[in-house]
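# Geometric and topological summary
Listed below, chain by chain, are the residues.
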Amino acid sequence: MKKLLLILVLLPVLILAAGYYLLNASKEVDVEWTEADFDSYVEKSGITYDGTNATLDQMFLNEFRGVGEMEIDVFGTHEEITARLNKAVPPDGLVQNPRVRFRDDGKIEFSCTIGDNFETIYRRYPETRNYESIIEMSAGRSLYFVQELSLKEDKQGFDARFTEFYVGVIPIPVGTANTYGGDIGAEADHLINSIAGFSAEEFYFDNEGMYFKGTVPEKIEGSTMPQ
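This report concerns the structure included in the present document. (Residues numbered from 1 in each chain as written. Predicted model: local features only at pLDDT ≥ 70, side-chain atom pairs only at ≥ 80, totals over all residues. Heavy atoms only, no water.)

## Re the overall build of the chain
- Regarding its fold elements, the chain presents seven helices and ten strands.
- Expressed as a percentage of the 227 residues in the chain, the buried residues total 39%.
- The long-range fraction of contacts in the chain, counting pairs at least 24 apart against all pairs at least 6 apart in sequence, stands at 66%.
- Total accessible area on the chain is roughly 13200 Å²; 58% of this is exposed by carbon and sulfur atoms. (Helix = DSSP H or I, 4+ residues; strand = E, 2+ residues; numbered from the N terminus. Buried < 20%, exposed > 50% of the residue type's maximum accessible area, 1.4 Å probe, protein only. Contact = heavy atoms within 4.5 Å. Areas by Shrake-Rupley, 256 points an atom, 1.4 Å probe, with all protein chains shown as cover.)

## Some details on the environment of Val100
- Tracing the backbone shows Val100 in strand β3 (residues 95-102).
- Between the C-alpha atom of Val100 and that of His78, which follows or precedes it by 22 residues, the distance is 6.3 Å.
- Residues in contact with Val100, not counting those within four places in the same chain, are Val29, Val31, His78, Ile81, Thr82, Leu85, Glu109 and Phe110.

## Quick notes on the pairing of β3
- Strand direction decides the pairing type here: β3 and strand β4 (residues 107-114), joined by six bridges, are antiparallel. Considered in β4, the bridge of Val100 is made with Phe110.
- Between the end of β3 and the start of β4, which pair antiparallel, lie four residues, with Gly106 showing a positive phi angle near 80°. (Pairing = 2+ DSSP bridges.)

## Remarks on the packing of aromatic side chains
- Inspection of every chain in the model, using the stated rule, returns ten aromatic pairs.
- On the numbers, 5.4 Å between centres and 45° between planes, the contact of Phe102 with Phe205 is tilted. Here the residue Phe102 occupies a position in strand β3, and Phe205 occupies one in strand β8 (residues 199-206), the gap between them amounting to 103 residues.
- By the ring-pair criterion, three or more aromatic residues cluster together here, those being Phe110, Phe145, Phe162 and Phe165.
- Directly above the ring of Tyr144 sits Lys27, whose terminal nitrogen or CZ lies 5.0 Å from the centroid.
- The cationic tip of Lys27 hangs over the ring face of Tyr166; the distance from NZ or CZ to the ring centre is 4.8 Å. (Phe/Tyr/Trp six-rings, centres within 6.5 Å; stacked < 30°, edge-to-face > 60°. Lys NZ or Arg CZ within 6 Å of the ring centre and 35° of its normal.)

Listed below in structure tokens is the structure:
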């Protein structure tokens, strides 16, 4: 009887502890970058970087503009592209510590830590304020996904499909992830198509990095849109 009571007392504690572990443990992409990787990225691409470049949050909010136009023909390593992503992260950004790795099977791996400033989401999707308490539970958690990625036939955007998706080490059904990811992907395509000076001629990647040939703005500059 004592053993049964002990089990009944400990079971909720163990369940809570397991849930806490699953949310706070993390799956991360194993890529480390240095300032030299970022310098190499800038030198290879020729893209202007002067501190006024758009952040990832500004890109998400469509608060940016393309400046100039240039042709590029460049292969970037995992480390160089990860470095560039991290340079686009503001201290209070929604995405922190992004990491990306390309694979030979047509898939990319991405991981990041979710920040605690959710204004980017609330401004982009005002209706999400109705779920504020749930959304903000994700602050500080890791996000990891594997995604199939390819250039569309018209070369005006990208086709993407999740094959794995995790928050912490909890798997999210890929059907659900692809439903919401498809909506975000459609918006991302719209953003890409709206960037003056962007066009893709060739795009591919393997386990060494990513190749892109086409035209891009000399700089994607952050701007402030009317509230």
